[in-house]
Amino acid sequence: MAIIEQDTTNPGFKWIGTRPIRPDGYEKVTGKARFGADMMLPGQLEGAVLRSPHAHARIVSIDTSEAETMPGVKAIVTGADFPDLKEAGAGAADVDLAVNIIARDKVLYEGHVVAAVAADTRKQAQAASKAIKVDYEVLPHVLTVDQAMAPGAPILHPGTRTKNVEPAPEEDSNVVSRVVQQLGDIDAGLAAADVIVERTFTTKPVHQGYIEPHAAVADALPSGRVHVWCSSQGHFAMRTMTSTVLGCDPTRIKVTPAEIGGGFGGKLVIYLEPLAARLSQKTGRPVRIVMNRDEVFKGTGPASGTKITVKIGATNDGKLTACKSELFYEAGAFAGSPVGAATMTMIAPYQFENLLLEGYDVLVNKPKVAAYRAPGAPMAAYAVESVIDEICQKIGMDPIELRLKNASVEGSQAAYGPKFPKIGYVETLEAIKNHPNYQIPLGPNQGRGVASGFWFNAGMNSSATVHLNEDGNVTVVVGSPDIGGSRASMALMAAETFGIDVARVQPFIGDTETVGFNDVTGGSRTTLATGQAVTEACEKVKADLMARAAKTWNCDVSEVEWVDGQVQKLDGSEPPLSMAKLARGWGRTGGPVSATASLNARGVGSAFSTQVCDVEVDPETGVVRVLRYLTAQDAGRAIHPSYVEGQFQGGVVQGIGWALNEEYVHTEKGTMDNPSFLDYRIPVASDLPMIDTIIVEVPNPGHPWGVRGVGEVGIVPPLAAVANAVSNATGCRLTDLPMSPMRVLDALNQKSNGGNGH
Amino acid sequence: MIRVHFGQALRDLTGGLADVEVEASTVRELFRTLDTRFPGIGERLEHGTSVAINGEIIADAVYEALPADAEVHFLPTLAGG
């Protein structure tokens, strides 16, 4: 592990950059922390959900009469128990949200909710859910973008016409929209190339694979309000979405965040909360619903399956001249794949003067996709970075050298339009190039792969409140769920601002009524944006305490200064006043001290990562073993380096799983064939080497501490880094993920039979 | 003058124009000016669009001031994971 600081003006922090134990650590390792499923209220009922066994079917009728009479059953809800938002004139996104929670006239994927039951025990609820009689008219389904776009394909949502195509289509389609990024002259750019590589890549849907299944508890109160406990990436967003589906004002609902056992984008959306709330409203008792793993796979959003064609031209001396690409992303059963983000990020590391990138959002009979770390970017980077690797092979150029020759720098124009502000991409390339891993000799059947990636940082809305306690210690209340160590980061930023020991800062995540509004923990934004709010609130408390000290000393505030957690008189005529002393005297100076800061964060940075992977391929079995893995990422400023490294490593490991093993396997009937961690194989510790990290620090000039978001971009390069390593080990370019032993063996056999192994 | 760049998704409203120069001191004024010239574009920009001002991407930018000679791009509002 290493930190490479590119900032020569590092002011020498006392707390930022240190590695204290996370404030939530003790409770988590001792089992005291309360996750979504741990909530238990007096009189609580247990819920179970009935899901569609079909990929696409019309609901002819639902008969709950027998189930209602079963032992312990207290209530059953179906789509009829929720408002028809389409009829109410809601926008398409809200209508889709509501219909995804519980089906109305059609089920659109296996696992689509049809009904939910509340009973005294979970077993009773499950038994009753199975006794609900649903008469389906099974409809033909589509599972891939090719099937969905084929002539005569069954249409998921009649009336859908592809947006942003000319001429305007006159027929319904499963292609919801087209997005285009265009610069320069693509034909001239390709004509200027000495070498052109064009390939088509496919990837399967993969799940975020969080260990904690979704869980929600709802308690409908006599006042008509509903209290919800759930683990999510944003309890304010859960409140908004739940109220939309229930048809009430958001402030009729209070959401208390539970600890979260992994989200990675998949817990930005609701699934169970409205069901539990409506069941609670019907029974007058609290209701808990907890998914099992089968339900998580079938009923929640994976990342898109994709089909991407990339054509890149380059000169023999390694100058990239043009990039043309068509991207088709599965949206699942409702519009909204991240194909737009894919087109905006896929060539961001490079200065292409000529490009034409066309993306299509395609409906298929699978769960609606959800965000997954840098949503949309890893699959597109897999395609681009693989083609660039092949260009390097063709022209005999080192992959780092080619990237350095074409690297985006401050002032380069991104594919999506604006010029980059200060960025640290070149520094990640140099860090990899200069690391010993990049020079280690490789043996037989071994290969090395390099890839880079880009992802945006989001700003958005954050609030924080800082309280001075009577002992002079500080409580920091934020509304951003902590999915990666953000409480530790908030405490460190507060400690640095006050100049006090971080142990004196207690961070806390408030519910929707305890702290001001916060957008979700997503978009790599929390340390950046909520950190700004915490810093501002701390500065307000400092200013207040300095004014109170001046009042105590009967002097002007300009005659005092803040030094290491206490206020000093500039002329030294009084002993310093510590925060504890000022707290003890707050009754005389104006009362308790606290401050709130709410902001729409500015100064958002950009994140780049470069990674190198060494693999060994077993030619007998096709098994790919990762020997070494090194990632270098620009963190701007690592507030807590251990948790920054953890984000880097987590992204890489998930990307390795995506590259080598993970995929949704479907039967011809459109049902998932591997909905368990036994058959859907995520990497475990014994599969992996240590993921080596280099934290590059090119401070973000727009942030008070120089922070860039670090949570997402780490997953962008691994698909290609592993694929490029496999290609260099075997001479086979695998264009279909995952590179499971079967696919690797197929490629090796093709090659040995005289094919090219593609 | 503010240099405004239009992505492909807006060019159906600009008659295919990729960029224009206009006078405006705030993003809101820019939206109104553009809407006068390209009817309908103002409403589209008001909803679901982030604005990049001299490279800095800002969500909900409608009340932002525009520096003289600013370069402006419009981007869809993005979700992260």
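Note that the structure is predicted; figures quoted are calculated from it, not measured. (Residues numbered from 1 in each chain as written. Chains lettered and ligands numbered in written order. Predicted model: local features only at pLDDT ≥ 70, side-chain atom pairs only at ≥ 80, totals over all residues. Heavy atoms only, no water.)

(A) Spatial organisation of the overall build of chain A. Counting its secondary structure elements, chain A contains 20 helices and 27 strands. Over its C-alpha trace chain A gives a radius of gyration of 27 Å, about what one expects of a compact globule, namely 27 Å for 758 residues. Along the three orthogonal principal directions, the C-alpha set of chain A runs to about 90 × 75 × 50 Å. Of all 758 residues assigned to chain A, the portion counted as buried reaches 62%. In chain A, 79% of the contacts between residues at least 6 apart in sequence involve partners at least 24 apart. In chain A, 67 positive and 83 negative side-chain charges are present, and the distance between their average locations comes to 4 Å. (Helix = DSSP H or I, 4+ residues; strand = E, 2+ residues; numbered from the N terminus. Rg over C-alpha atoms; globule rule 2.2 N^0.38 Å. Buried < 20%, exposed > 50% of the residue type's maximum accessible area, 1.4 Å probe, protein only. Contact = heavy atoms within 4.5 Å. Lys, Arg positive; Asp, Glu negative; His and termini not counted. Charge placed at Lys NZ, Arg CZ, Asp CG, Glu CD.)

(B) Expanded view of the sheet that holds strand β19 (residues 474-478) of chain A. Residue and element names in this part refer to chain A. The four strands lie next to each other as β20-β19-β18-β24, forming an open sheet whose pairing is mixed. With one partner strand each, in any of the chains shown, β20 (505-509) and β24 (594-600) form the two edges of the open sheet. Ignoring which end each strand starts from, the neighbouring axes of this sheet average 20° apart. Across seven bridges, the pairing between strand β18 (residues 461-468) and β24 is antiparallel. Bridging from a neighbouring strand, N461 pairs with N600 of β24. In the packing of helix α15 (residues 526-553) onto the sheet, the strands contacted are β18, β19 and β24, and the crossing angle to β24 comes to about 145°. (Pairing = 2+ DSSP bridges. Axes fitted to C-alpha atoms, helices over the stretch in contact; angles between N-to-C directions.)

(C) Representation of the interface of chain B and chain A. Residue-level contacts link 19 residues of chain B with 29 residues of chain A. Of all residues in chain B, Q8, L78 and G81 of chain B give up the largest surface area on contact with chain A, accounting jointly for 33% of the area buried on that side. Joining chain B to chain A, the criterion identifies three salt bridges. Between E56 of chain B and R602 of chain A there is a salt bridge, with the nearest N and O atoms lying 3.2 Å from each other. Counting the contacts that link chain B with chain A gives nine residue pairs in polar contact (both at pLDDT 80 or more). Elements that contribute at least two residues to the side of chain B that touches chain A include exactly β4 (56-58) and β5 (71-76) of chain B. Among the elements that line the side of chain B that touches chain A, the one with the most residues is β5 of chain B, at four residues. Within the side of chain B that touches chain A, the residues separate by chemical class into nine nonpolar, five polar and five charged. (Buried area = accessible area lost by both parts, 1.4 Å probe. Salt bridge = Lys/Arg side-chain N within 4 Å of Asp/Glu carboxyl O. Polar contact = N/O pair within 3.5 Å; in protein donor to acceptor, adjacent residues only side chain to side chain. Nonpolar A, V, L, I, M, F, W, Y, C, P; charged D, E, K, R; others polar.)

(D) Inspection of the nonpolar core at higher detail. All names here are of chain A. Ranked by size, the top nonpolar core spans 103 residues in total, and within it I312 and M739 carry the most contacts. At twelve residues, the largest contribution of residues to this core is made by helix α11 (residues 377-395). In terms of nonpolar packing, the next biggest core, distinct from the first, is built from 61 residues, I102, V176, A216 and A277 among them. (Core = buried A, V, L, I, M, F, W, Y, C linked by side-chain atoms within 4.5 Å.)

(E) Broad picture of the packing of aromatic side chains. Residue and element names in this part refer to chain A. Tallying each qualifying case throughout the model produces 24 aromatic pairs over all chains. Members of the aromatic cluster, each reached through a chain of ring pairs, are Y350, F352, Y416, F420, Y425, F454, W455, F456 and F608. When the ring centre of Y643 is taken as reference, the NZ or CZ atom of R22 above it lies at 4.8 Å. (Phe/Tyr/Trp six-rings, centres within 6.5 Å; stacked < 30°, edge-to-face > 60°. Lys NZ or Arg CZ within 6 Å of the ring centre and 35° of its normal.)

(F) Molecular detail of the state of the cysteines. The full count for this structure, using the stated rule, is zero disulfides over all chains. Residue C323 of chain A stays outside any disulfide, its sulfur separated by 14 Å from that of C392 of chain A, the closest cysteine. (Disulfide = S-S within 2.5 Å.)

(G) Quick peek at the sheet that holds strand β15 (residues 320-332) of chain A. Residues and elements named next belong to chain A. With mixed pairing, five strands are arranged side by side in an open sheet as β8-β16-β15-β14-β9. Each edge of the open sheet carries a strand with a single partner, namely β8 (175-183) and β9 (195-203). Neighbour-to-neighbour, the strand axes of the sheet open up by a mean angle of 10°, direction not taken into account. With nine bridges connecting them, β9 and strand β14 (residues 306-314) associate as antiparallel partners. By the bridge assignment for β14, T200 is matched with T309. Packing against the sheet, α11 makes contact with β9, β14 and β15, and its axis sits at approximately 145° to β9.

(H) Broad picture of the pattern of salt bridges. Residue and element names in this part refer to chain A. Under the definition given, this model contains 45 salt bridges over all chains. Between R628 and D614 there is a salt bridge; the shortest N-O distance is 2.9 Å. Of the two residues, R628 sits in strand β26 (residues 624-634) while D614 sits in strand β25 (residues 606-617), which places them 14 residues apart along the sequence. Owing to a relative accessible area of 2%, D614 belongs among the buried residues under this scheme. Through salt bridges with shared partners, one network takes in R22, D24, K28, E259, D482 and R487.

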